[in-house]
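Read off the chains here:
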Amino acid sequence: MSQGIHPRVRYAVVMMVLCGTFLFATSVLYVPSALAGSTPAGQWVGEIKTPDGDKVDITLSLGKEGSTWTGTLEDPTMGETGVSNLKVTETRISFTFKPASAPFPLHFSGSYVAGDDRVTGTFSLHGNSRFVRFKRVPGSEVIAGVANAEPRIPARIRHDYKFGITGRVNYWMALHVTQDDVLTMNDLTRGTPNFDFSVKWFVMDGFNVFVRYYQGGFNYTDDPLKLEPFTGMGLNGESFLELNGLEIGVMGYLGNIMMPNSKFNPYLTGTLGQTSWSLAQNGRGSEPVADGLYPFEGDDMAVSFGIGTEYEITQKMALEFEWAWRYFMTEDDERWPNTEEVWSNTPAWSLSAGFTIGF
């Protein structure tokens with residue numbers, strides 16, 4: 001690249017920052033109900049170890065009628081039993097219960113953290129205690145509303161995990177922007193299948209940040225008339241423009257706004273990264289095409305913006321489909337000054353399909 005910050009680089013950085021800010025703001029402002037309930041009312045599932053060493057799931061159900069809290073506790077061995085002395089505040093929960101098979105009542109004392117939508121505490125009996133962490137049953141959230149109004153049930157949680165991995169296959173379609181019908185080497189490319197792999201961190205249910213590695217590129221036309229101006233440099237029908245890179249990106253999901261009851265979850269996305277590229281003479285990995293002293297290769301910035309959708313298979317698995325515009329800043333007006341007839345930047349359309357698993 002030429003000295004200083006290229007205007008296109010500045011533009012790409014600004015657009016990436018604006019895209020990320022918009023997507024994050026959308027998730028925070030319009031999808032808060034998907035994050036957590038604002039009261040402990042609802043159903044909770046926790047795992048506890050029995051005296052025999054077995055692990056069993058117990059279900060705690062809490063409800064509120066007027067100013068009175070009610071609750072039940074259920075597990076596979078004792079069935080369902082009501083609780084007594086139930087006390088619920090904004091941060092604390094305690095109650096007593098007595099299974100039919102137990103000679104003495106058990107006591108639970110714990111806390112409710114609204115920000116994490118989490119209940120934790122201990123069951124105790126005669127000095128012995130068992131710690132348990134309860135996880136809310138998706139869809140049982142209750143959002144506190146105006147006094148004497150019916151509580152509002154929020155949209156369901158779509159990503160019941162903090163991290164995810166996604167593998168995708170792509171088809172990069174060559175996008176050619178010509179001036180006065182003059183074809184540069186960038187305008188002789190053909191669409192090619194590629195792939196990418198990403199690791200996602202779900203900052204919240206409707207927003208994630210990801211790091212993605214992609215291995216891609218373009219085949220070249222075999223039309224001898226179009227290739228003729230560049231054959232002296234080594235360009236031919238077997239040439240391949242190799243584009244491999246690492247990028248960081250964001251996704252903002254709109255499903256709980258647009259279609260809260262659907263398994264489809266549309267999103268907007270943007271990325272910023274670096275690509276290592278080479279215009280190989282005879283297929284991927286071969287010697288690069290050269291113009292005088294300078295081979296056509298380098299390490300430069302790349303950006304992309306796109307729209308897509310998830311399709312939920314299970315709570316932790318989803319399909320992903322995306323349509324994106326990619327832009328690789330391969331131009332260098334110092335090494336290859338004739339940007340209108342020989343070599344320039346490389347745009348592309350990208351159609352992707354993939355599979356995500358959360359953990």
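In this report, the structure presented in the accompanying data block is examined.

Cut-offs and rules
- Residues numbered from 1 in each chain as written.
- Predicted model: local features only at pLDDT ≥ 70, side-chain atom pairs only at ≥ 80, totals over all residues.
- Heavy atoms only, no water.
- Buried < 20%, exposed > 50% of the residue type's maximum accessible area, 1.4 Å probe, protein only.
- Helix = DSSP H or I, 4+ residues; strand = E, 2+ residues; numbered from the N terminus.
- Pairing = 2+ DSSP bridges.
- Axes fitted to C-alpha atoms, helices over the stretch in contact; angles between N-to-C directions.
- Contact = heavy atoms within 4.5 Å.
- Phe/Tyr/Trp six-rings, centres within 6.5 Å; stacked < 30°, edge-to-face > 60°.
- Lys NZ or Arg CZ within 6 Å of the ring centre and 35° of its normal.

1. Brief notes about the pairing of strand E14 (residues 240-253)
Item 1. Counted residue by residue, E14 has 12 buried out of 14 residues, so it is predominantly covered.
Item 2. In the sheet, strand E13 (residues 207-220) pairs with E14 via 13 bridges, with the strands oriented antiparallel. Across the sheet, Tyr-214 pairs through a bridge with Gly-245, a residue of E14.
Item 3. Pairing geometry for E14 and strand E15 (residues 264-280), over 14 bridges, is antiparallel. Residue Glu-247 lies in a different strand from E15, and its bridge partner there is Gly-273.

2. A few points about the sheet that holds strand E6 (residues 92-97)
Item 1. Spatially, the nine strands line up as an open sheet ordered E4-E3-E2-E1-E9-E8-E7-E6-E5, and their pairing is antiparallel. The strands lining the two open edges of the sheet, one partner per strand, are strand E4 (79-82) and strand E5 (84-88). The sheet shows a mean angle of 20° between the axes of neighbouring strands, taken without regard to direction.
Item 2. Note that strand E8 (residues 118-125) and strand E9 (residues 128-136) share eight bridges and pair antiparallel. Bridged to Val-119 within E9 is Phe-134.

3. Describing the environment of Ser-124
Item 1. Along the chain, Ser-124 turns up in strand E8.
Item 2. Given the relative accessible area of 28%, Ser-124 is considered partly exposed.
Item 3. Spatially, the C-alpha atoms of Ser-124 and Thr-96 are 9.8 Å apart, while their sequence positions differ by 28 residues.
Item 4. Beyond its immediate chain neighbours, meaning those up to four positions away, Ser-124 contacts Leu-106, His-107 and Ser-129.

4. Regarding the packing of aromatic side chains
Item 1. Going through the model one piece at a time under the given rule, you end up with 23 aromatic pairs.
Item 2. Ring centres 5.6 Å apart and planes at 65° place the aromatic pair Tyr-253 and Tyr-267 in the edge-to-face group. With Tyr-253 in strand E14 and Tyr-267 in strand E15, this pair connects stretches of sequence that are 14 residues apart.
Item 3. Linked through ring pairs, Phe-95, Phe-97, Phe-108, Phe-123 and Phe-134 together constitute an aromatic cluster.
Item 4. When the ring centre of Tyr-214 is taken as reference, the NZ or CZ atom of Arg-326 above it lies at 4.8 Å.

5. Overview of the pairing of strand E7 (residues 106-113)
Item 1. Relative to E7, E6 runs antiparallel, the two being bridged by six bridges. Its bridge partner being in E7, Phe-97 is matched across the sheet by Leu-106.
Item 2. When E7 meets E8, the two strands line up antiparallel, connected through seven bridges. The partner of His-107 across the bridge, within E8, is Ser-124.

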